[in-house]
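Descriptive structure summary
As a plain string of letters, each chain reads:
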Amino acid sequence: MGAVAATFEMAGFRALLELADDALILGHRLSEWCGHAPTLEEDLALANMGLDLLGQARALYAHAGEIEGKGRGEDDLAFLRRERDYVNCLLVERPNGDFAATMARQLYFAAFMHPFWRAIAASSNDATLAGIAAKAEKEMAYHLRHCGEWVIRLGDGTAESARRMQAAVDELHRYTGELFEASPVREKAVADGLLPDPGTVRAEWERTIAMVFSQAGLTAPEVRVPQSGGREGLHGEDMGHLLAEMQFMQRAYPGLTW
Amino acid sequence: MTATTAPTADLDLARARSVASRVPDPEVPCVTVADLGILRGVERDADGTIVVRLTPTYSGCPAVVAIEMAVQAALLDAGIDARIERVLSPAWTTDWISAEGREKLRAYGIAPPVGASGGRRAFFAEERIACPRCGSEATSRISEFGSTACKAHYRCDACAEPFDYFKCI
């Protein structure tokens, strides 16, 4: 029972890490597009969205470090943990794939985080987290609109763009259930009033996705084997490659600053 | 109000407010931090230290540290020792850009934010953004994201000039 009690004491820290890791890993994935996007405007868009997420992650890590109280700062938490210590959901670590896959991933995530940040801003008893949430909500509204428009444009575009958009949705839909999953640690953080249950925004997420898919002419696939495990530190093969690149500088030159 | 409790003029604090409010934004130097509404207050704390409160525009805005350093440096130049505090709540909104700030943006060639910040906008909603040079509303959005996190990119279909639009959030 000792381990469980210790985990419960850390529930607030863990809940913040989940939010921070989601933002950092997805922000890093978007940064991989820099210089490779289909058009200059989209290069700017992907970099800007990545920057929003990185900014959110920094504020969340700094606050998580304060709550943990062990002197770990944002860089320690972002760059010096092992793969099994990252608690991001699997959706955000999925490789970029083609542009359609990146837009589908961003739509799924933004359609969840936009209402979730709004709910956190409205109900968290942690003033710092509520402040981060109020800002992030506005940023995710912008991401949601940008990606939603692309998913509609591509789904309702040419035969080739529609085929790719449907393939992206077919591949990624299985990762979305994890966004709403409950865990004992998260339930503790919810009971403590740090943040609301993510399940409370599921209905809004489903409405948003259904509305976009109907305009895009896309079909949500039936998910036979939902994928999850990220919140327990169980990641896919691609996560190691991502971390190797993202952590390289701090591992090779510990304490390096710009 | 009695004469004994009338506030004695805190000249250093007044000067700190004046100096801090005149610091230009590093990315958009035509406006000051006060014009943009990111200067949230200059007060003395319980120990008497002057505290300057600043808020970021966007979570990932790379200018946040540059702005904090610029304000600190301006105050040091004026011989004022102050502490800079970053406040996140309430979240910054373009509603806080002053009328003077909006006019300065337009004169500089950046279309100021249109309307009040609100909730989520509909997909494919088009806003009528007036060209900051010729005033025409016949403009087209080139890119939803621009040279900095706070701007989008537009083109005027009347005078053919491209221009930045300060996004409304």
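Residues numbered from 1 in each chain as written. Chains lettered and ligands numbered in written order. Predicted model: local features only at pLDDT ≥ 70, side-chain atom pairs only at ≥ 80, totals over all residues.

- An unreviewed UniProt entry annotates chain B as Phenylacetate-CoA oxygenase subunit PaaJ of Hoeflea olei.

- Taking an unreviewed UniProt entry as the reference, chain A is identified by name as Phenylacetic acid degradation protein belonging to Hoeflea olei.

Points about the overall build of chain B
- Helix and strand content of chain B: 4 helices and 7 strands.
- Seen in sequence order, chain B has helices and strands lined up from the N terminus as α-α-β-β-α-β-α-β-β-β-β.
- Across the 169 residues that make up chain B, the buried fraction comes to 35%.
- Long-range pairs, those at least 24 residues apart, make up 53% of the contacts in chain B between residues at least 6 apart in sequence. (Helix = DSSP H or I, 4+ residues; strand = E, 2+ residues; numbered from the N terminus. Buried ≥ 20, exposed ≤ 12 C-beta atoms within 10 Å, placed from the backbone. Contact = placed C-beta atoms within 7 Å.)

Some points on the sheet that holds strand β6 (residues 151-156) of chain B
Residue and element names in this part refer to chain B.
- Strand order across the open sheet formed by 4 strands is β4-β7-β6-β5, with mixed pairing between neighbours. Strand pairing shows two members of the sheet lacking a second neighbour, β4 (110-111) and β5 (139-143), which therefore form its edges.
- Pairing of β5 with β6, which is carried by 4 bridges, proceeds in the antiparallel orientation. Paired with S140 across the bridge in β6 is R155. (Pairing = 2+ DSSP bridges.)

Focus on the UniProt feature "domain: PaaD zinc beta ribbon" (unreviewed entry) in chain B
- Under the feature "domain: PaaD zinc beta ribbon" (unreviewed entry), the UniProt entry names residues 123-167 of chain B.
- For residues 123-167 of chain B, the helix share is 0%, the strand share is 36%, and the end-to-end C-alpha distance is 16 Å. (UniProt positions renumbered as here; feature names shortened; annotations may be inferred.)

So, the pairing of strand β7 (residues 162-166) of chain B
Residue and element names in this part refer to chain B.
- The buried fraction of β7 amounts to 4 of the 5 residues, a majority that puts the element mostly inside the structure.
- Note: β4 against β7, 2 bridges, orientation parallel. Looking at β7, one finds that A111 is bridged to Y165.
- With 5 bridges connecting them, β6 and β7 associate as antiparallel partners. Looking at the pairing, R155 lines up with P162 of β7.
- Hairpin connection from β6 to β7: 5 residues lie between these consecutive antiparallel strands, with A160 at a positive phi of about 70 degrees.

Comments concerning the domain arrangement of chain B
Residue and element names in this part refer to chain B.
- According to the domain assignment, chain B consists of domain 1 (8-92) and domain 2 (96-166).
- Relative placement of domain 1 and domain 2: their C-alpha centres are 26 Å apart.
- Between domain 1 and domain 2, the residue contacts involve 12 residues of the former and 12 residues of the latter.
- Tallied by class, residues from the side of domain 1 that touches domain 2 come to 7 nonpolar, 3 polar and 2 charged. (Domains from an automatic or database assignment. Nonpolar A, V, L, I, M, F, W, Y, C, P; charged D, E, K, R; others polar.)

Overview of the interface of chain A and chain B
- The interface is formed by 28 residues belonging to chain A together with 19 residues belonging to chain B.
- Residue assignment for the side of chain A that touches chain B shows that the elements contributing at least two residues are α3 (40-68) and α7 (127-155) of chain A.
- Of the residues forming the side of chain A that touches chain B, the biggest block, 17 residues, is contributed by α7(A).
- Split into classes, the residues belonging to the side of chain A that touches chain B amount to 13 nonpolar, 8 polar and 7 charged.

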